[in-house]
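# Commentary on secondary and tertiary structure
The lines below spell out each chain.
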Amino acid sequence: QRKNSCCFKREDKGKFVIVMNTRVFESFSDKETFDIAFRIANNLKAKTGSAVVCLDGDLGVGKTVFAKGFGAGLGIKRDIVSPTFNIVKSYEGDKRLHHFDVYRISDISELDEIGFDEFIYDDAIVLIEWSKLIKEALPENTIRVVISKDLEKGFDYRKIAVEGIDDEDFGN
């Protein structure tokens with residue numbers, strides 16, 4: 001539910017706050033992180049033909065949980081797993097998802113070897129974990145998601161900052 005024009009009440013789906021051009025969600029559990037990602041993907045698939053979503057954060061911050069919720073929001077029934085060794089995995093759902101984990105990319109030229117541009121310009125949603133490692137290869141209009149911890153707010157607390165999506169893409 002909206003509170004004023006900028007915030008959602010904290011319920012099962014976390015808190016929603018607008019900070020400049022970035023939307024910040026607060027999550028206090030894996031379920032909330034999953035649900036936030038589900039809602040973003042579900043609204044994004046309804047609005048756009050294709051999109052590139054960059055997902056960054058330290059090791060163990062919840063990128064895989066976010067990816068699982070994101071895939072579920074796109075109607076993907078298979079379990080989403082991090083493609084660390086494969087670099088990319090594709091899934092079919094209501095909308096196709098190409099899920100990249102570029103943590104092991106040591107040189108940007110490796111992206112050419114796997115046909116990165118073909119995935120980026122496919123009629124699909126592309127989710128890229130560790131995107132900051134390949135920022136020079138990314139298209140301009142990307143959606144950026146950064147997940148971070150704040151142990152002062154609790155062990156399970158996550159701040160999920162999302163940049164590049166219109167207000168209506170977050171749904172109600």
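Preceding block: the structure.
Just so we're clear, the structure is a prediction, and the values are computed from it rather than from any experiment. (Residues numbered from 1 in each chain as written. Predicted model: local features only at pLDDT ≥ 70, side-chain atom pairs only at ≥ 80, totals over all residues. Heavy atoms only, no water.)

Glancing now at a negative patch on the surface. Taken together, Asp107, Asp112, Glu113, Asp117 and Glu118 make up a surface patch of like negative charges. Listing elements by their share of the negative patch, those giving two or more residues are helix H3 (110–113) and helix H4 (116–120). With respect to the helices and strands, Asp117 occurs in helix H4. (Patch = residues over 30% accessible without salt bridge, like charges linked within 9 Å, V, L, I, M, F, W, Y side chains within 5 Å. Areas by Shrake-Rupley, 256 points an atom, 1.4 Å probe, with all protein chains shown as cover. Salt bridge = Lys/Arg side-chain N within 4 Å of Asp/Glu carboxyl O. Lys, Arg positive; Asp, Glu negative; His and termini not counted. Charge placed at Lys NZ, Arg CZ, Asp CG, Glu CD. Helix = DSSP H or I, 4+ residues; strand = E, 2+ residues; numbered from the N terminus.)

A contiguous nonpolar surface patch, about 310 Å² in accessible area, is contributed by Leu59, Tyr103 and Leu133. Structurally, Tyr103 can be placed in the loop between strand S7 (97–101) and H3. Owing to a relative accessible area of 39%, Tyr103 belongs among the partly exposed residues under this scheme. (Buried < 20%, exposed > 50% of the residue type's maximum accessible area, 1.4 Å probe, protein only.)

Right, let's get into unusual backbone geometry. A positive phi angle, near 75 degrees, is found at Ile87, a position not held by glycine. Among the secondary structure elements, Ile87 is positioned in the loop between helix H2 (63–73) and strand S6 (88–91). Of the residues examined, Ile87 reaches a relative accessible area of 13% and is grouped as buried. Of note, Trp130 is a non-glycine position whose phi angle comes to about 65 degrees, a positive value. With respect to the helices and strands, Trp130 occurs in the loop between strand S8 (125–129) and strand S9 (143–149).

Turning next to the side chain of Asp101. Of note, Asp101 is situated in strand S7. Of the side chains with opposite charge, Arg104 comes closest to the buried, unpaired Asp101, at an N-O distance of 7.1 Å. If near-sequence neighbours (up to four positions away) are discounted, Asp101 is found in contact with Ser82, Pro83, Thr84, Ile87, Glu129 and Trp130. (Contact = heavy atoms within 4.5 Å.)

Before going further, it helps to examine helix H1 (residues 30–47). For H1, with 18 residues, the first-to-last C-alpha span of 26 Å sits near the 26 Å given by 1.5 Å per residue. What H1 keeps buried is the set Glu32, Thr33, Asp35, Ile36, Ala37, Arg39, Ile40, Ala41 and Leu44. (Expected span 1.5 Å × (residues − 1).)

The analysis is restricted to geometry; functional conclusions fall outside its scope.
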